[in-house]
Amino acid sequence: EGDVRAVHPVVCRHPETDRKALFVNADYTKHFEDWSEEESHPLLEYLYAQCSRPELTYRHHWQVGDLLLWDNRSVQHAVIPDVGKGERILHRVTIEGDAPR
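Residues numbered from 1 in each chain as written. Predicted model: local features only at pLDDT ≥ 70, side-chain atom pairs only at ≥ 80, totals over all residues. Heavy atoms only, no water.

What about the nonpolar core?
Listed in full, the five residues of the largest apolar core are Val24, Phe32, Leu44, Leu47 and Tyr48. Among residues more than four places away in sequence, those in contact with Leu47 are Val10, Leu22, Val24 and Phe32. (Core = buried A, V, L, I, M, F, W, Y, C linked by side-chain atoms within 4.5 Å. Buried < 20%, exposed > 50% of the residue type's maximum accessible area, 1.4 Å probe, protein only. Contact = heavy atoms within 4.5 Å.)

Structure, rendered in structure tokens:
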């Protein structure tokens, strides 16, 4: 695990649709700029909870042959271990693009 440091807006706009999206992730967002981790914690926890509200999520029910694509500029991906003894094959492609704004 490296010491990755970047500063991004908490709310950013999608470069093609101009729609707003939260740009926080519990694995990477540690605090708000100019706030301590302790000061940031309550608001970040609230924002993380919004990302997992059932009415704001999509749950895919896999069938053989399914292919799923998503745009990481405006969604978050969470693995749910629901394949039983089945095989999960993931191919990740990252395309260069604009920095969050």
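Some words on the pattern of salt bridges
Where charged atoms from two side chains of opposite charge approach closely, those side chains can pair. If you walk through the whole model with that rule in mind, you get four salt bridges. Between Asp18 and Arg13 there is a salt bridge; the shortest N-O distance is 3.8 Å. A relative accessible area of 38% places Asp18 in the partly exposed class. Close ionic contact of Glu16 with Arg73 constitutes a salt bridge, the shortest N to O distance being 3.3 Å. Taken together, the residues span a long stretch of sequence, with Glu16 in the loop between strand E1 (11-13) and strand E2 (20-22) and Arg73 in the segment after helix H1 (37-51) at a distance of 57 residues. Glu16 gets classed as exposed once you look at its relative accessible area, which sits at 64%. Through salt bridges with shared partners, a single network forms among Glu16, Asp71 and Arg73. (Salt bridge = Lys/Arg side-chain N within 4 Å of Asp/Glu carboxyl O. Helix = DSSP H or I, 4+ residues; strand = E, 2+ residues; numbered from the N terminus.)

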